[in-house]
Amino acid sequence: MSEIKKIAVLTSGGDAPGMNSAVRAVVFSANNLGIEVVGVLRGYEGLIDWETVPLGLDDVRNINNQGGTILFTSRSERFLDQKYRHIAAENLRAHDVDAVVAIGGDGTLRGAIKFKDEGVDIVCIPGTIDRDVACSEYTLGFDTAANTAMEAIDKIRDSSVSHGRCSVVEVMGRKRGYIALWAGMATSADAIVLPEKWDGNFDYIINALRKRHTDGRNSYLVVVAEGVTDAGKLADLIQKETGIESRVSVLGYIQRGGQPTAKDRMYGSLMGAYAIEILRQGRGNRIVAIKNDILVDYDIAEAIGLHNNNLDSFQYQLSLMLAE
Ligand SMILES: Nc1ncnc2c1ncn2[C@@H]1O[C@H](COP(=O)(O)OP(=O)(O)O)[C@@H](O)[C@H]1O
Ligand SMILES: O=P(O)(O)OC[C@H]1O[C@](O)(COP(=O)(O)O)[C@@H](O)[C@@H]1O
């Protein structure tokens, strides 16, 4: 890679708390090296339409505490089409941009791989509340989302206890159960239903709730990851099979919003700065990741090839034991 004089930064896919800290660190770190930064609006869509803003220090000074992403984001259908990726690459060349920093989840990574074929140097930062980027132990936004879910479930439990009901709470995470596991354990859920462990059988939940009912307990909490089943149907089933009055709460987008936790601000800052360090070293087509709590980076193609559908088995076993 030739010397970097100008870069573009974008956020893509689901917004995640901490993305702003990463953008801020990218701008500060680039500025330190005399590299110009343009912010691309609405993820890959903004590359295709060349919707950009210049980003200087004053543009990013007070964004650490903001949820969402100041650069906006999108799920770009057009970027799936090579014709539009070519237009995006031509736009970058026409504006003398040497490299792109893309902050997003596994879809953003898949887009980055394809974009590489258009001759674009790209460094990715894992940003998604789902924590589903296999190469990295952490993805920006997870901590904030898990805390938001925990606080919401605490409140739901207050009502559940008052009425002696069963609350079934659905949390986000696509095919991964990290938000459910963390929020469920933190709120002492009676059952946590995870995609990674789901065998299509609700009997163990029904039996566990029946036993609690018989033992005289008067409130029940089931946390279910969205990747498993329809939470409303599960609440209906619980009511039908156990006689416990049941209600469903789907937490939805509150899990994506709100002020980032210190962890997301810190990791956003670290990952943003590390992305610029990778480019300074003349390396492209990398993804920043966390391994053993240390910053590392992988070739994007190698990272995409990694699959990790396992949950930490100690954490999982503990979640079962604590729900007894
Ligand atoms: N196979 C692919 N080829 C090209 N672009 C892709 C591909 N998969 C995803 N993308 C792009 O990445 C964007 C973000 O991916 P998405 O799955 O929506 O969110 P996330 O990055 O959070 O997982 C998509 O909207 C699309 O524009
Ligand atoms: O914003 P949309 O398109 O409704 O997508 C909802 C999905 O986005 C997420 O909130 C975040 O996922 P990504 O970060 O992979 O985009 C998922 O947990 C959820 O399934």
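Cut-offs applied
- Residues numbered from 1 in each chain as written.
- Chains lettered and ligands numbered in written order.
- Predicted model: local features only at pLDDT ≥ 70, side-chain atom pairs only at ≥ 80, totals over all residues.
- Heavy atoms only, no water.
- Helix = DSSP H or I, 4+ residues; strand = E, 2+ residues; numbered from the N terminus.
- Expected span 1.5 Å × (residues − 1).
- Buried < 20%, exposed > 50% of the residue type's maximum accessible area, 1.4 Å probe, protein only.
- Contact = heavy atoms within 4.5 Å.
- Near = heavy atom within 4 Å.
- Polar contact = N/O pair within 3.5 Å; in protein donor to acceptor, adjacent residues only side chain to side chain.
- Areas by Shrake-Rupley, 256 points an atom, 1.4 Å probe, with all protein chains shown as cover.
- Nonpolar A, V, L, I, M, F, W, Y, C, P; charged D, E, K, R; others polar.
- Phe/Tyr/Trp six-rings, centres within 6.5 Å; stacked < 30°, edge-to-face > 60°.
- Lys NZ or Arg CZ within 6 Å of the ring centre and 35° of its normal.

**Q** Honestly, helix α1 (residues 19-32) in this entry has me stumped. Any pointers?
**A** An α-helix turns once per 3.6 residues; consequently, residues spaced three or four apart project the same way. Its 14 residues give α1 an end-to-end C-alpha distance of 20 Å, which sits within 8% of 20 Å, the value for a rise of 1.5 Å per residue. The buried fraction of α1 is high, at 10 of 14 residues. Along α1, the residues that are buried comprise Met19, Asn20, Ser21, Ala22, Val23, Ala25, Val26, Val27, Ser29 and Ala30. Those residues of α1 that are buried are in contact with β1 (6-11), β2 (36-40), α3 (57-60), β4 (99-104), β5 (122-126) and α10 (262-280). Backbone geometry just downstream of α1 places glycine 34 in the positive-phi region, at approximately 75 degrees.

**Q** Teacher, can you tell me more about the site of ligand 1 here?
**A** Near ligand 1 lie 17 residues; those nearest to it are Arg75, Ser76, Gly105, Gly107 and Thr108. Take glycine 14: an N or O atom from its main chain is 3.4 Å from an oxygen atom of ligand 1. Serine 76 is positioned with one of its backbone polar atoms (N or O) 2.7 Å from an oxygen atom of ligand 1. Protein chains bury 86% of the 550 Å² of accessible surface belonging to ligand 1 in isolation. For the shell around ligand 1, the element with the highest residue contribution is helix α5 (residues 106-116), accounting for 6 residues. Residues that form the shell around ligand 1 fall into these classes: 3 nonpolar, 9 polar and 5 charged.

**Q** What should I look at first to understand the packing of aromatic side chains in this one?
**A** Within a pair of aromatic rings, the relevant descriptors are the distance that separates the centres and the angle that separates the planes. One pass over the full model with this rule turns up 7 aromatic pairs. Ring geometry for tyrosine 138 and phenylalanine 142: centres 6.4 Å apart, planes at 75 degrees, overall edge-to-face. Using a relative accessible area of 3% as the deciding quantity, one classes tyrosine 138 as buried. Pairwise contacts between aromatic rings join Tyr138, Phe142, Tyr178, Trp182 and Tyr267 into one cluster. Directly above the aromatic system of phenylalanine 28 lies the positively charged group of arginine 24, at a separation of 5.0 Å from the ring centroid. The lysine or arginine in question, arginine 78, covers the ring of tyrosine 84, its NZ or CZ lying 5.4 Å from the ring centre.

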